Amino acid sequence: MADTKDFKMQELHTPSAFEGALWACLGIKGADTIFHSPPGCYINQHVNALVNDWTCELYSTNLSYAHIMQGAEDRMESTLKKIAAKKPGAIMIVTAPTVEVTRDDVEGVVKKVGSRDTLIIHPPIGGSLVEGKEAAFIKLLDLVDANVEKIPKSVNIIGPTFSTFNWRADVYELTRMLAGIGVTVNCVYTAGATIEQIKNAARAELNLCIYPFDSGMGVAREMEKRFGIPCKADIIPIGFGNSAAWLESVAAFFKIDAKKYLKECMANAFEFISSNMVFTVTFEMTAALSLENHNTYAVGISEFLNKEVGVSIVMAALSNPEAGSRIKKLCDNVLINATIEEKRDKFVETGPMVIYGNFYDKKVSMDAGFKNFIFSDIPTIGYLSSENCPFMGFMGAKYLVEGLVNEVYMGIFLETKGEMMGPISSGVVAWDMAAEQAMLKVGEMIPHFVRATALKKLHQESEKLAQERGTNVTVGIFREVSDKFTPTKFKAKFSQVFDDDTAPAPAIDAEDEEVPISSLTFTLSWDDAAKGMLELVPSPFRQAAVSGTEDYAREHGRSDVIGATVEEFRKELGM
């Protein structure tokens, strides 16, 4: 039959169009939502709303099996009359899949009851989360008054809904930034808005679609047709550079001179980055993104981490093919609508140092032995995990850096003292016992502050060379890799491992007494920036760091040591 509707199997981590429509409605204050559904569907959705967001006005017709088989218009009529008696600002009716199949005449019931400002939303069966949100967004336009006066220098923020990860924090930060250049937010469409703000959405002069790869683009285009409101969605305000570009673009639209404000924001960003141990931790780091329900985050975070923080994206799982094409410029492993099992296998194959994802990603990554994880998508354990810290804007960029550095620093450097935490790679390449023992001994000689990063490099390069030669990782291969990537000052010490595999490794106590910078011996002139960077070196290794850096400076024709020299030497060491 041409009129047949099919259900589609969906992964646990990918909500359907029915959730999308409900979430778009539930966040509107002063409006009540009726879910025309059996009690099981209603309970699941109400629990989800309470877990992920604040309280909401959600009601159900509580259909029985008999109602579904024989028709449920009477239940709809009874429920609608009760809700209408409360006189809410508007009523939104979202039909469940079972009702869509039986085709209840909901429109006829609404007409019979005579309820004003009542909208009926039919999410597409088998539709995506995005399709459900867009269906609700566009239906809500029926409430918008087209005959209102424009508010100068005002915008609508389009896209946030209940159960959108971090929406409150993102909206707060972007609103703060806009206020900094004299632009006001007329309406957030839809989460957090009042019904009056929805009705007056046409007062804005500009729409800003902040989650363009997830929701809002359809209604933004429709608003331009109906109300003549243009939309900006080309720049994702994630990271310092893109946040500045986004704000600059808004300022240009309104012909606002934002140079002074932007200069202050970027100066603050530079101070934050340069005064913290950011690049010491993130240099040569790898990350995986699993953000099917927040494709915009996948694009924005990947570009920020790669271009501004120096993190390589080794895997990205998402649901929007357009977003996937954009991320492919940075990452070879892009999965579209992957199953949980496919994602788990790719985690193991790529071996990222940190994973961004949802509750299910957390579970499978822990089972696979991964320790570093950052929640960035739904479902989460509760809304507090996405309530206070934005990912967007200048504060969002700081939080992303802070969250990454704290997670990796705590997980690798402090909790493990830099020791290996089980296999780092997929385990496809076998290691000879002698090679494993050699790596452990080498690890004991490396300062714990950089031990994990250095060992990961040696481990990965050894397996790569073994794969090229079609052998196990032998002690000879590990020695070859160690010689290639070990700084000159450590070569003699490491050679003991290979000259006598049974010799005990020299003990290094990272907890020795403090060695102040002022007590160190300098043979070259050091500027304050260079000396300040020595504070990052564990106390027992500071004199060795001075000697090694000065040797490096002389080898490169310098007679002094500046901050840039220390940074170059650190990068050559792979730290």
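Draft legend 1. Seen up close, the pairing of strand 1 (residues 31-36). Counting buried positions along strand 1 yields six of six residues, so the element is predominantly enclosed. Burial of the side chains of strand 1 extends over both faces: A31, T33 and F35 are buried on one face and D32, I34 and H36 on the other. Where strand 1 lies against strand 3 (residues 90-95), six bridges are found, and the strand directions are parallel. When the bridges of strand 3 are listed, D32 appears paired with I91. Bridge analysis of strand 1 against strand 2 (residues 58-60) gives three bridges, and the strand direction is parallel. Of the residues in strand 2, the one forming a bridge with T33 is L58.

Draft legend 2. The arrangement of the packing of aromatic side chains in detail. A full pass over the atoms with the stated rule returns 14 aromatic pairs. An aromatic cluster is defined as three or more aromatic residues linked by ring pairs; in this entry it consists of F165, Y211, Y297, F391 and Y399. Geometry around F522 places K531 over its ring, the cationic atom sitting 4.9 Å from the centre.

Draft legend 3. Layout of a negative patch on the surface. Among the surface-exposed residues, E73, D74, D105 and E107 lie close enough to one another that they form a single negatively charged patch. Its place among the elements puts D74 in helix 4 (residues 73-85). Taking the relative accessible area as the measure of exposure, D74 reaches 47% and is therefore partly exposed.

Draft legend 4. Main features of the sheet that holds strand 9 (residues 286-290). Ordered in space as 11-10-9-12-13, the five strands form an open sheet in which the pairing is parallel. Here the strands that pair on one side only, and so sit at the sheet edges, are strand 11 (334-336) and strand 13 (373-375). Strand-to-strand twist of the sheet, defined as the mean angle between neighbouring strand axes without regard to direction, takes the value 15 degrees. Pairing of strand 10 (residues 312-318) with strand 11, which is carried by three bridges, proceeds in the parallel orientation. Within strand 11, the residue paired with A316 across the bridge is V334. In the packing of helix 16 (residues 340-350) onto the sheet, the strands contacted are strand 9, strand 10, strand 11 and strand 12 (354-357), and the crossing angle to strand 10 comes to about 175 degrees. Across the sheet, helix 17 (residues 359-367) lies against strand 9, strand 12 and strand 13, angled at about 170 degrees from strand 13, the strand it touches most.

Draft legend 5. How the structure looks around unusual backbone geometry. That bond from Y189 to T190 is cis: its omega, 20 degrees, falls within 30 degrees of zero. For K87, which is not a glycine, the phi torsion comes out positive at approximately 55 degrees. Take K87: it is sitting in the loop between helix 4 and strand 3. K87 sits in the exposed class, given a relative accessible area of 73%. If you check the backbone angles, K255 has positive phi at about 60 degrees while not being a glycine. Of note, K255 is situated in the loop between helix 11 (240-253) and helix 12 (259-274). With relative accessibility at 76%, the residue K255 sits in the exposed group.

Draft legend 6. Seen up close, the environment of V442. Mapping V442 onto the fold places it in helix 19 (residues 433-445). For V442, a relative accessible area of 0% puts it in the buried group. For V442 and L458, which are 16 residues apart along the polypeptide, the C-alpha to C-alpha distance reads 10.0 Å.

Draft legend 7. Seen up close, the pattern of salt bridges. Applying the stated criterion across every chain yields a total of 19 salt bridges. Among the salt bridges present, the one from D367 reaches K363, with a minimum N-O distance of 2.8 Å. You can see D367 and its partner K363 sitting in helix 17, four residues apart, about one turn around the helix. By relative accessible area, K363 is classed as partly exposed at 46%. Salt bridges sharing partners connect three or more residues here, namely K139, D142, E222 and R226.

Draft legend 8. Local environment of the pairing of strand 12. What you see with strand 12 is no split at all: V354 and Y356 on one side and I355 and G357 on the other are buried throughout. Examined bridge by bridge, strand 9 and strand 12 share three bridges and lie parallel to one another. Note that in strand 12 the partner of A288 across the bridge is I355. Pairing between strand 12 and strand 13: three bridges, direction parallel. Note that in strand 13 the partner of G357 across the bridge is F375. With respect to chirality, the unit in which strand 12 leads through helix 17 into the neighbouring parallel strand 13 is right-handed.

Draft legend 9. Focus on the sheet that holds strand 5 (residues 154-158). Taken in spatial order, the four strands of this open sheet run 6-5-7-8, and their pairing is parallel. Every other strand in the sheet has two partners, leaving strand 6 (184-189) and strand 8 (231-232) as the edge strands with one partner each. As paired strands, strand 7 (residues 206-209) and strand 8 are joined by two bridges and run parallel to one another. Residue pairing for strand 8: N207 is matched across the bridge by C231. The sheet contacts of helix 10 (residues 217-227) involve strand 5, strand 6, strand 7 and strand 8, and relative to strand 5 the element is tilted by about 145 degrees.

Calculation notes
Residues numbered from 1 in each chain as written. Predicted model: local features only at pLDDT ≥ 70, side-chain atom pairs only at ≥ 80, totals over all residues. Heavy atoms only, no water. Buried < 20%, exposed > 50% of the residue type's maximum accessible area, 1.4 Å probe, protein only. Helix = DSSP H or I, 4+ residues; strand = E, 2+ residues; numbered from the N terminus. Pairing = 2+ DSSP bridges. Phe/Tyr/Trp six-rings, centres within 6.5 Å; stacked < 30°, edge-to-face > 60°. Lys NZ or Arg CZ within 6 Å of the ring centre and 35° of its normal. Patch = residues over 30% accessible without salt bridge, like charges linked within 9 Å, V, L, I, M, F, W, Y side chains within 5 Å. Areas by Shrake-Rupley, 256 points an atom, 1.4 Å probe, with all protein chains shown as cover. Salt bridge = Lys/Arg side-chain N within 4 Å of Asp/Glu carboxyl O. Lys, Arg positive; Asp, Glu negative; His and termini not counted. Charge placed at Lys NZ, Arg CZ, Asp CG, Glu CD. Axes fitted to C-alpha atoms, helices over the stretch in contact; angles between N-to-C directions. Contact = heavy atoms within 4.5 Å. Right-handed = clockwise from strand over helix to strand, strands pointing away.

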